[in-house]
Amino acid sequence: MIDLLFLDGWSIYHSTDGKLQVVFCGMLLEYTRQCKCVYGTAIPVVTPDSTTIQYATTTKSYRGGWRSDTTDVIQGVYSDSGYYSGLSWNYGCMWFGYLRGTLSNATIKSATLTLHRKTGSGSGSAKTVYLCAITNTSASGSPSIAANFGAIGTIGRSAQVTFAIPIAAVQGLANGTYGGLCLYESKYNFGSSTYSNCYMRMSGADTSLKPYLTVVYNDPTAVG
């Protein structure tokens, strides 16, 4: 006989001749001539979500060429001469060198980007941060914007702020569609002012206040 169920003295047996027996405390209660066995559906393994923090491993700004004077992540432009048509604007670029190794097989559930704005950079009031994704995987060539995610929030001087960012931004980094992230304020005529409206400098990868991503993800291939 094949024991199908045993619980608190109850047993159900499927005999080798296809008949079903129901037994309670050793007493045969029911004996049927035919048996149709119904097998349950396997319950899939559910992989819990995980969280990773990915710090920027490289930060560089591009202003007509990659800047060697700073590793700050710079948005907008500063100009003692005010606006003029040939003025080069900054692209503040960030690369997260360990992200793909962690998230290449993952589905991103949510993501935030934490930035620290330096003292004395631009306006004394909180200003808007504009986020893009670039195809560049390093500070080589000119920045190539692959996606413009627009405004993600505001930040004041000397503040460290965590911004919710689109899932697509990090999913693209994870699967290789994007090489890095970038802060970029679109060009416009700001007249005789010495800086654009949203000119700001964020702390770079060489500081303790480097940019970082906090990512909630699910990876069904993870072992554990």
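Everything quoted here is computed from the prediction, not taken from an experiment.

Trainee: Looking at this structure, I do not really get the pattern of salt bridges. What am I missing?
Mentor: Opposite charge on two side chains allows them to pair when their charged atoms are near. In the structure shown here, the tally under the stated rule is four salt bridges. Taking the shortest distance from any N to any O, the salt bridge between Arg67 and Asp69 comes out at 2.9 Å. Asp72 is the partner of Arg201 in a salt bridge, and the nearest nitrogen-oxygen pair spans 2.9 Å. Of the two residues, Arg201 sits in strand 14 (residues 200-202) while Asp72 sits in the loop between strand 6 (58-62) and strand 7 (73-75), which places them 129 residues apart along the sequence. One connected set of salt bridges, linked through shared partners, spans Asp72, Lys118 and Arg201.

Trainee: Would you mind showing me how to read the environment of Thr51 here?
Mentor: Its place among the elements puts Thr51 in strand 5 (residues 50-55). For Thr51, a relative accessible area of 53% translates into the label exposed. Sequence spacing of Thr51 and Tyr217 is 166 residues, and the spatial spacing of their C-alpha atoms is 6.3 Å. If sequence neighbours within four positions are ignored, Thr51 has contacts with Thr214, Val215, Val216 and Tyr217.

Trainee: Even after reading the chapter, I still don't get helix 2 (residues 167-175), so can you show me in this structure?
Mentor: Counting along an α-helix, one turn takes 3.6 residues, and residues three or four places apart therefore face a common direction. Where helix 2 is concerned, the buried positions are Ala169, Val170, Gly172, Leu173 and Ala174. After helix 2 finishes, the residue Gly176 shows a positive phi value of roughly 90°.

Trainee: Looking at this structure, I do not really get the packing of aromatic side chains. What am I missing?
Mentor: Geometrically, a pair of aromatic rings is defined through the distance of the ring centres and the angle of the planes. Applying the stated criterion across every chain, the model contains twelve aromatic pairs. Their ring planes at 75° and their centres at 5.1 Å tell us that Tyr62 and Trp66 sit as a pair that is edge-to-face. Residue classification places Tyr62 among the buried positions, given a relative accessible area of 15%. Here the aromatic residues Tyr62, Trp66, Tyr91, Trp95 and Tyr184 are joined through ring pairs into a cluster of three or more.

Trainee: How do you make sense of the nonpolar core when you look at a structure like this?
Mentor: A general trend in soluble globular proteins is that nonpolar side chains are found buried together. By size, the foremost hydrophobic cluster in this structure holds 31 residues, and its most contacted members are Phe96, Leu103, Val129, Ile165, Val170, Leu181 and Leu213. For this core, the elements supplying multiple residues, two or more each, are helix 1 (99-103), strand 9 (107-116), strand 10 (127-134), strand 11 (145-155), helix 2, strand 13 (180-183), strand 14 and strand 15 (212-218). Ignoring any residue separated from it by four or fewer positions in sequence, one finds Phe96 in contact with Gln54, Tyr55, Ala56, Thr57, Leu113, Leu173, Leu181, Pro211, Tyr212 and Leu213. In this structure, Tyr62, Leu87, Ile134 and Phe190 belong to the second largest nonpolar core, which totals twelve residues.

Trainee: Quick question: what am I supposed to make of the confidence of the model for the protein here?
Mentor: It should be kept in mind that the predicted coordinates are not to be read in detail where pLDDT is low. Counting all residues, the mean pLDDT for the protein is 87, and 79% of those residues have values of 70 or more. Of the regions scoring below 50 in pLDDT, residues 1-7 engages in 17 contacts with residues more than four places distant in sequence or in other chains.

Trainee: I keep staring at the pairing of strand 15 and nothing clicks. Help me out?
Mentor: Sheet faces and side chains relate simply in a regular strand, where the side chains alternate between the two faces. Of all seven residues in strand 15, five are buried, a share of seventy percent or more. Sheet topology places strand 5 next to strand 15; six bridges connect them, and they run antiparallel. Each residue of the ladder has a partner; that of Tyr55, found in strand 15, is Tyr212. The sheet contact formed by strand 9 and strand 15 spans seven bridges and is antiparallel. Residue pairing across strands places Thr107 opposite Asn218, the latter belonging to strand 15.

What counts, and at which threshold
Residues numbered from 1 in each chain as written. Predicted model: local features only at pLDDT ≥ 70, side-chain atom pairs only at ≥ 80, totals over all residues. Heavy atoms only, no water. Salt bridge = Lys/Arg side-chain N within 4 Å of Asp/Glu carboxyl O. Helix = DSSP H or I, 4+ residues; strand = E, 2+ residues; numbered from the N terminus. Buried < 20%, exposed > 50% of the residue type's maximum accessible area, 1.4 Å probe, protein only. Contact = heavy atoms within 4.5 Å. Phe/Tyr/Trp six-rings, centres within 6.5 Å; stacked < 30°, edge-to-face > 60°. Core = buried A, V, L, I, M, F, W, Y, C linked by side-chain atoms within 4.5 Å. pLDDT = per-residue confidence, 0-100. Pairing = 2+ DSSP bridges.

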